[in-house]
Amino acid sequence: MRLITHNMLSSNIKGVTNGFPLRIEAEKVVEKPVEIDPKFLKNMFVKIDWKALVDASRIMGYADLPDEANPSMLELDEFLQKFHHALLELHLEEGALVCPQTDRRFPVIKGIPNMLLHEDELFLQRGVSHGGGGTPKTQSRTFKYLDLNTSLSCA
Amino acid sequence: MSSTTAQIRLVSSHPEVYEPCDDSFALVDALLADRAHLLEQHPTLCMEVGCGSGYVITSLALILGKEAPGVHYIATDINPHAIRVTRETLEAHGVHAELINTNIASGLDSRLKGLIDVMVVNPPYVPTREDEVGAEGIASSWAGGENGRSVIDRILPIADNLLSEKGWLYLVTLTANNPSEICLEMRKKGYGARIVVQRSTEEESLHIIKFWRDFDSVDAKEMLTASKSASWSL
């Protein structure tokens, strides 16, 4: 999970009003270099909660982001590099995101945050997903058999 | 990897995860057909709700590819197996999306409000009993409740909340879902709609519908006034 995702996530527990930012508990942080894209960084800058990014990157062991930032800094290569590194290259691989209001822990396992709520935490939560197995959805429903040939011939 | 869409042999799988089939292919064909428009739209954030095997989000990343630099991809699924399979599929194709195990966009709805430029959804659209909706694993990919609309009807307002002003939604629907009624509902929210791909198989008749914010229909009069002062560019 990149810190851009942390910057986009809030606690989704029913009744929570101050669910952002989620507190990071970092057990394992990895760095994965990616190509810098100044245009993307400029587009995203206004959408990022800067303080949340600074605090998160510090918990992840990266302390080079300035406390304050403004759009004029996007013209500086050095700033862009730091912003890029914090936003996209630091990954929370193992740990948790903690609701700031309730202390409820959302685990992050193998880089994937689990925001699923328990029955008593949700207002109205039911599924949307893709389970199944190589058959059209309608067929899965009607026959519930696996026909790999059908699936492959589709390709 | 120079393939335009994800390759089936590189798509990972799991017994509890929906494998790419006619509906997935129709959705990807719609994205391919609309590729030039997608590139012109210059999306920054693209999102798939219910990513399943990862075939669609991987294909979207490949379709936009290097010609659309500066695009960030996000995918969600309620099924943890699907999220894992999606990660493997993305990695096998050398592309990246941020993955979140959540229901539709729960946890993202407040901070991502108005930021998604392209949203793709292949929802559980099969008509089932209402109590089958939201079952774990395999069933969550297809169980759509009455007329297959239960989950679709929950997704639409969420999509409306997340889409940016220039944002587009690509939605897979079945004839049984009453696509024209869905379009009418979206029209009330101010969206134009177009069928990008229509496909009938032995089992199902699929429509891939594209929705966009249709400003000239929302407040036609207001816009008419506005156009005189040359402020069409919303």
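Scoring rules and cut-offs
Residues numbered from 1 in each chain as written. Chains lettered and ligands numbered in written order. Predicted model: local features only at pLDDT ≥ 70, side-chain atom pairs only at ≥ 80, totals over all residues. Heavy atoms only, no water. Buried < 20%, exposed > 50% of the residue type's maximum accessible area, 1.4 Å probe, protein only. Helix = DSSP H or I, 4+ residues; strand = E, 2+ residues; numbered from the N terminus. Pairing = 2+ DSSP bridges. Contact = heavy atoms within 4.5 Å. Axes fitted to C-alpha atoms, helices over the stretch in contact; angles between N-to-C directions. Parallel < 35°, antiparallel > 145°, perpendicular 65-115°, else oblique. Left-handed = near helix turned anticlockwise from the far one by under 90°. Nonpolar A, V, L, I, M, F, W, Y, C, P; charged D, E, K, R; others polar. 1 Å grid on protein atoms, 1.4 Å probe; cavity = no way out; pocket = protein on both sides within 12 Å on 5 of 7 lines; lining within 4 Å. Points joined across faces, edges and corners; volume = space filled by probe spheres on them.

**Brief notes about the pairing of strand 2 (residues 90-98) of chain A**
Residues and elements named next belong to chain A.
- Summarising burial for strand 2: eight of the nine residues are buried, a large majority.
- Pairing between strand 1 (residues 23-31) and strand 2: eight bridges, direction antiparallel. Looking at strand 2, one finds that Ile24 is bridged to Leu97.
- Pairing of strand 2 with strand 3 (residues 105-109), which is carried by four bridges, proceeds in the antiparallel orientation.

**Points about the sheet that holds strand 1 of chain A**
Residue and element names in this part refer to chain A.
- Spatial strand order, 1-2-3-4: four strands in an open sheet with antiparallel pairing. Strands with a single pairing partner mark the edges of an open sheet, and in this sheet they are strand 1 and strand 4 (112-113).
- Along the sheet face, helix 4 (residues 77-89) touches strand 1 and strand 2 and points at about 60° away from the line of strand 2.

**Looking at the packing of helix 1 (residues 22-33) of chain B against helix 3 (residues 55-64) of chain B**
All names here are of chain B.
- Packing of helix 1 against helix 3 brings their axes to within 10 Å, and their N-to-C directions diverge by 15°. When the axis of helix 1 is compared with that of helix 3, the two are roughly parallel. Seen from above, helix 1 lies across helix 3 with right-handed handedness. Mapping the contact onto sequence places Ser24, Phe25, Leu27, Val28, Leu31 and Leu32 in helix 1 and Tyr55, Val56, Ser59, Leu60 and Ile63 in helix 3.
- Across the contact of helix 1 with helix 3, the residue classes break down as nine nonpolar, two polar and no charged.

**A few points about unusual backbone geometry**
- A cis amide bond links Phe20(A) to the next residue, Pro21(A), at an omega of -10°.
- Mapped onto the fold, Pro21(A) is located in the loop between helix 1 (3-8) and strand 1.
- Not every positive phi belongs to a glycine, and His42(B) is a case in point at roughly 50°.
- Within the secondary structure layout, His42(B) lies in the loop between helix 2 (35-41) and strand 1 (45-49).
- The phi dihedral of Asn178(B) is positive, around 60°, even though this residue is not glycine.

**Description of the layout of surface pockets**
- Taken as a whole, the largest pocket holds about 1,200 Å³ of empty space.
- Elements supplying a minimum of two residues to the lining of the largest pocket: strand 2 of chain A together with helix 3, strand 2 (72-77), helix 4 (80-92) and strand 3 (98-101) of chain B.
- The biggest single contributor to the lining of the largest pocket is helix 4 of chain B, with three residues.

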